[in-house]
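What the coordinates show
So you can see what is in the structure, the chains are spelled out below.
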Amino acid sequence: MNQKLLHLIEHIANYVFYVEFVVSIFGFIFTLPHLFILTRKSMRTSCTNSIMMGIAIVDIIVLLEIILNRAYGFWILENPCLNYESYNFELFLLIGEFLGDTGERTSFCLGVFLVLIRLIITKLRGSADSLSSSVFGYIVFILLLILHSLISYSFYSTFFLREWPFSWKPNEKCIELPQNYSEKVYIRASKVDIILFDPAECYNFITGLSKIVVSVMYPVLALMLILDIRKSAKTASSLSEKRAKERYHSGRMILVMTIFYTIASAPGGIANFIEVYIEIPTDSLLMVILGQGSIFFQALFCFNSASHCLINFSMSTNYRNTVKMAFGFQKNDVLTVSRKTTRATKI
């Protein structure tokens, strides 16, 4: 392969590596208050908000794993006085990958269920009270988290940390360590004979299939939901203009989230399927793109996670009111309204 092209791809990947680190930090900072808002009493009223809460939880886990993993690469690997292949560091990376993969797949599936359940509720209208309750959203979140945890466990449980016959010795510049100091080195090994069964291939197939299903189902379900909401909004507009606007804003919010979810999930799913079904030459351009592609795919996930807070704030009236209430910006307004009216004011 052309060396100039190879260096260009690696240079772009390294740049995206730093962009991903910065975006993951901002995403983590934005998602924390986003989760705080979703846990307020005024937001714990529907299945939709419960699933959004679950998405925020797993997004925080994935973003934190990315931040710690990148910090490990930036500072631990570059420190000649630290054994980055110690048992603790290797175990940290293994657990981090398990949590990151589980959280990422759970987040994508929760996005699909967010649209699917909302579509069912809209179709059934008044006969779907049990589906629209916040408890049902919690159940969906817990079940999906358990399911994807088991999928990840089936793959990561095939690994164990094996002690390497060579010891790690610090650099001569590490004067704070005693002379002849050494530590044990551990590597990740597989318990499975890959000649008979390759767990990575099966895992890539499941991961790729889930991402492809998300990227295909999400736009279809979202389009059906938006069309149904627009149809019902026309009926509701004659009874309540406020209700019609809320339905329109809800449909627009789900449409924007659909676009972000599809962009974040589709490329990674395609890459997983390519690795399973295509024999890729070692020094080919495709091998380099797929090898560096994981950085791009995680960067897309970070952008998607960071966008949830902004999308909800810009398109949900209830969310904005809860933000104002939580941070004390609307307290006086609520008290004034309650004095002028005898009925209870619901925010």
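Residues numbered from 1 in each chain as written. Predicted model: local features only at pLDDT ≥ 70, side-chain atom pairs only at ≥ 80, totals over all residues. Heavy atoms only, no water.

1. So, the packing of helix α1 (residues 3-38) against helix α9 (residues 317-326)
- Remark: α1 packs on α9, axes separated minimally by 10 Å, with the N-to-C direction vectors making an angle of 95 degrees. Overall, the two elements α1 and α9 adopt an arrangement that is roughly perpendicular. Residues H34, F36, I37 and L38 of α1 lie in contact with α9, whose contacting residues are Y319, T322, V323 and A326.
- Among the residues forming the contact of α1 with α9, the class breakdown is six nonpolar, two polar and no charged. (Axes fitted to C-alpha atoms, helices over the stretch in contact; angles between N-to-C directions. Helix = DSSP H or I, 4+ residues; strand = E, 2+ residues; numbered from the N terminus. Parallel < 35°, antiparallel > 145°, perpendicular 65-115°, else oblique. Contact = heavy atoms within 4.5 Å. Nonpolar A, V, L, I, M, F, W, Y, C, P; charged D, E, K, R; others polar.)

2. Description of the UniProt feature "transmembrane region" (unreviewed entry) in the chain
- The sites that carry the UniProt feature "transmembrane region" (unreviewed entry) are, in the present numbering, residues 15-38, 50-68, 105-124, 136-156, 205-227, 253-274 and 286-311.
- End C-alpha atoms of residues 15-38 are separated by 34 Å, and the span's content is 100% helix alongside 0% strand.
- Within the segment residues 50-68, helix and strand shares are 100% and 0% respectively, and the terminal C-alpha atoms sit 27 Å apart. (UniProt positions renumbered as here; feature names shortened; annotations may be inferred.)

3. Concerning the pattern of salt bridges
- In this structure the tally under the stated criterion is two salt bridges.
- E20 is the salt-bridge partner of R70, the closest N and O atoms lying 2.8 Å from each other. In this pair, R70 is assigned in helix α2 (residues 47-76) and E20 in helix α1, connecting sequence segments 50 residues apart. Each member of the pair R70 and E20 is classed as buried.
- Its salt-bridge partner being R188, residue E97 comes within 3.0 Å of it at the nearest N-O pair. You can see E97 sitting in helix α3 (residues 87-124) and its partner R188 sitting in strand β2 (residues 183-190), a full 91 residues away along the chain.
- Among the residues examined, R188 registers a relative accessible area of 28% and is labelled partly exposed. (Salt bridge = Lys/Arg side-chain N within 4 Å of Asp/Glu carboxyl O. Buried < 20%, exposed > 50% of the residue type's maximum accessible area, 1.4 Å probe, protein only.)

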